[in-house]
Amino acid sequence: MRYRKKKHPSAGEAANPETDPARLAELAQEHELHPILAANPSTPPNILESFIGHPQEAVRRATAQNPNTPLKQLLLLTEEFPHEFLRNPILPLLNLAEPNFIKKASPKAWLQLLRCEEIPQHWLQWLQQGHVMIASYVREHVLLSYNAHICVAGEVANIQKIQKSQHALLQPTSPLYSNGSIHQLLIFTCGVLPDFINHSLHWQIENINVEDLVISLRYSPQIDEDILRKLARHQVLKVRLAVAHHPCTPEDVLLQMLQDKELDVRYSIAKRAKMSKSLLMHLASSSDPLLRRGAAHQPQLEEHMLETLSHDPDAIVRRAVASRHGLPKRLYHLLAQDTDMTVRKAIAARHGLSEEHYYQLAQDTYTPVRMVLARNVKTPSPLLLSLARDIEPVVRYAVAQNPRLPEEAFYLLANDSDNDILAQLAGNARLPRDLFMRFAEHSDVNIFRNLITNPRIPLELLNQLRMQNSNQKSASFQANFAYPSVVSQKERTQMRLDSYAKALQSMTSDSLRLELLAYEKLPIQFLYSFARSPIPLERYQSAQHPNASLALLKELAQDANRYVRAVARQQLALRDENKAETD
């Protein structure tokens, strides 16, 4: 039997235009009722204003059609929902009462309105007559879209004449926005579409600039071996460094890179999280202490080698041994009394110490030793409470992060005057429930960010904070809401995909966007972002994409740009022909 979601008991009230506005404001506290309230023409303007950056597209879409939405916010929504804006019942009244209101629209809003065949004729005349002030950086784009508008230029007479050489009719010479967003979008793409990164590197590895190469290597966990082999010989140092760090770089390539002329490359290999036995022995027997240090960090290093490295004449090697968990007790005892304070600091983070060693290290005069001990989850509770009173803020900052912090220490630190310490406390998974509520009212952005990513935040509080901060446009900020463990894996994945789709809508004029459109496996939900782009060429190419759905093609077939609608209709006709042939 199919599960049907139970209707909210107040849904009828929320939808009723006769409901008192004060009551509608009360109902706005219920997240489930937002789509209904956004469509209610009696919902107070201040509530509708708060829906502008709502995480649900359905809520934003309904707000764009609501006659009670304030004009300023309505014009902002036009950038995303131009058709809904033009269907808003308030539009005829605005044209009468304030006929020039549309001149306040942003350049992006005008470009989106020019996607719509139903745009009022007198607005088109204003554009043609120069009565709309358009910023110089976007004027070419607006005029191009105007000149190709169906109401200005008419239908394309011969679809066969639309060739790639005519892309100049769709894509201006100047970029729409120069917002430097390409790197942010590339990083996001590495996590969401890892296969695309390999595809992109395979086809144009020689033409990709160094910064993009480094970002692709740093943020893509899966890179094909043949790409890594080629980049291991790259002339630019930071590219080779990225290859040396990458988890998929083959062993034979790493052995070759140990002969690299640059020390930084060799040291990067020594810092790898995992390595083969032959590579490990090569490092452990090296005359270079930094390479021996790299070997000492490796979990698969044999005990006799650890014994040797524990007596190494160089402190950085002994410190590396001291940083390991699960050492034999005799080595912990040896290193806890090391003359080098940084070795004792490394020991302070270990789990296999005796109680005597914990108390000994808590009295260490070297502040970083106490700071590291404060983070150690095996530090006895009485010591953690004592460290919460330490005179040094860095020690209290460290103990605030400890997941074994006793409850008494939480309330002690909650009164600390240092916001950085409070931020660490807000992210602690053992934070008492009443402190969640207290920190939710704090104005510090770092406290707030740590609070919403806390894995034990109550779900109702998380939803409340998400709504209160829905106007935050940063995709990375909104993505923070996907991390708490109270959000299921399925929800987390969907929130990440939604954030990426939203990023595609807000970022324009990047070469990466055209590369994504050329990627045959681009998921349909991201293709929709391009199909609603203010850039005609992106809509044109969306219509030709092999993953374009029937619904998407039908939408583009009604696009106001004569070339976009022509190619969409051509694709629909081809599908009809293919279907007829197979039937």
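In case you missed it, the structure is sitting above this.
One structure accompanies this document, and this report is about it. Bear in mind that the values here come from a model prediction, so they are computed numbers and not experimental data. (Residues numbered from 1 in each chain as written. Predicted model: local features only at pLDDT ≥ 70, side-chain atom pairs only at ≥ 80, totals over all residues. Heavy atoms only, no water.)

On to the overall build of the protein. When its secondary structure is counted, the protein shows 41 helices and 0 strands. Projected onto the principal axes, the alpha-carbon positions of the protein cover approximately 85 × 60 × 55 Å. Within the span of the protein, comprising 583 residues, buried residues form 50% of the whole. A fraction of 53% describes how many contacts in the protein between residues 6 or more apart in sequence connect residues 24 or more apart. Summed over all atoms, the accessible surface of the protein reaches about 28,800 Å², with 52% contributed by carbon and sulfur. (Helix = DSSP H or I, 4+ residues; strand = E, 2+ residues; numbered from the N terminus. Buried < 20%, exposed > 50% of the residue type's maximum accessible area, 1.4 Å probe, protein only. Contact = heavy atoms within 4.5 Å. Areas by Shrake-Rupley, 256 points an atom, 1.4 Å probe, with all protein chains shown as cover.)

With that settled, the discussion passes to the environment of Ala414. Tracing the backbone shows Ala414 in the loop between helix 30 (407-413) and helix 31 (419-426). Under the relative-accessibility criterion, Ala414 is labelled buried at 5%. With 11 residues separating them along the chain, Ala414 and Leu425 place their C-alpha atoms 7.5 Å apart. Apart from the residues within four sequence positions on either side, Ala414 is in contact with Leu422, Leu425, Leu435 and Arg438.

Turning our eyes to something else, we now look at the pattern of salt bridges. The tally for this structure, following the rule as stated, stands at 25 salt bridges. Between Arg330 and Glu303 there is a salt bridge, and its shortest N-O distance comes to 3.3 Å. Linking Arg330 in helix 24 (residues 329-336) with Glu303 in helix 22 (residues 303-310), this pair joins segments that are 27 residues apart in sequence. Each of Glu57, Arg61, Glu84 and Arg87 takes part in a single network of salt bridges with overlapping partners. (Salt bridge = Lys/Arg side-chain N within 4 Å of Asp/Glu carboxyl O.)

Another point: helix 26 (residues 355-362). Turning to helix 26, its buried residues are His357, Tyr358, Leu361 and Ala362. What you see down the axis of helix 26 is that its buried residues fit within an arc of 135 degrees, all on one side. Seen from the buried face of helix 26, the exposed residues on the opposite side, beyond 90 degrees, are Glu355 and Glu356. (Arc of directions from axis to C-beta.)

Along the chain, the position of Asp416 falls in the loop between helix 30 and helix 31. Looking at Asp416, the relative accessible area reads 13%, which means it is buried. Here Arg396 takes part through its side chain, which lies 2.7 Å from a polar atom of the side chain of Asp416. (Polar contact = N/O pair within 3.5 Å; in protein donor to acceptor, adjacent residues only side chain to side chain.)

With that settled, consider the packing of aromatic side chains. Under the counting rule described, the total for this entry stands at 6 aromatic pairs. Through successive ring pairs, a cluster of aromatic residues spans Phe85, Phe101, Trp110 and Trp123. Across from the ring centre of Trp126, 4.6 Å away, lies the NZ or CZ of Lys103, which sits over that ring. (Phe/Tyr/Trp six-rings, centres within 6.5 Å; stacked < 30°, edge-to-face > 60°. Lys NZ or Arg CZ within 6 Å of the ring centre and 35° of its normal.)

This brings us to a positive patch on the surface. A cluster of like positive charges, contributed by Lys378, Arg404, Arg430 and Arg456, occupies part of the molecular surface. Inspection of the secondary structure assignment puts Lys378 in the loop between helix 27 (367-375) and helix 28 (381-387). (Patch = residues over 30% accessible without salt bridge, like charges linked within 9 Å, V, L, I, M, F, W, Y side chains within 5 Å. Lys, Arg positive; Asp, Glu negative; His and termini not counted. Charge placed at Lys NZ, Arg CZ, Asp CG, Glu CD.)

Our focus in this paragraph is the state of the cysteines. Linking two cysteines covalently through their sulfur atoms gives a disulfide. A complete count under the given rule lists 0 disulfides for this structure. There is no disulfide at Cys116, and the cysteine sulfur nearest it, in Cys151, is 11 Å away. What makes Cys116 buried here is its relative accessible area of 0%. Residue class for Cys151 comes out partly exposed when judged on its relative accessible area of 34%. (Disulfide = S-S within 2.5 Å.)

Core analysis: the biggest nonpolar cluster contains 157 residues, and Phe85, Ile102, Trp110 and Trp123 have the highest contact counts within it. Those residues in contact with Trp123, other than ones at most four positions away along the chain, are Phe85, Leu86, Leu91, Asn95, Phe101, Ile102, Trp110 and Leu113. Residues Leu24, Ala28, Leu33 and Val59 belong to the second largest nonpolar core, which totals 13 residues. (Core = buried A, V, L, I, M, F, W, Y, C linked by side-chain atoms within 4.5 Å.)

Next up on the list: the packing of helix 27 against helix 29 (residues 393-400). Between helix 27 and helix 29, the shortest axis-to-axis distance is 7 Å and the interhelical angle comes to 15 degrees. One element, helix 27, and the other, helix 29, form an angle in the roughly parallel class. Handedness of the helix 27/helix 29 crossing: right-handed. On the side of helix 27, the interface is formed by Thr367, Arg370, Met371, Ala374 and Arg375, while helix 29 contributes Val394, Val395, Ala398 and Val399. Along the lines of polarity and charge, the residues of the contact of helix 27 with helix 29 split into 6 nonpolar, 1 polar and 2 charged. (Axes fitted to C-alpha atoms, helices over the stretch in contact; angles between N-to-C directions. Parallel < 35°, antiparallel > 145°, perpendicular 65-115°, else oblique. Left-handed = near helix turned anticlockwise from the far one by under 90°. Nonpolar A, V, L, I, M, F, W, Y, C, P; charged D, E, K, R; others polar.)

Looking now at the side chain of Arg344. One can find Arg344 in helix 25 (residues 341-347). Given a relative accessible area of 16%, Arg344 falls into the buried group. Setting aside residues up to four positions removed in sequence, Arg344 forms contacts with Leu335, Ala336, Asp338, Thr339, Leu361, Asp364, Tyr366 and Val369.

Now for the environment of Ala105. Within the secondary structure, Ala105 sits in the loop between helix 8 (91-97) and helix 9 (107-113). Contacts of Ala105, omitting those with residues within four sequence positions, involve Leu75 and Trp110.

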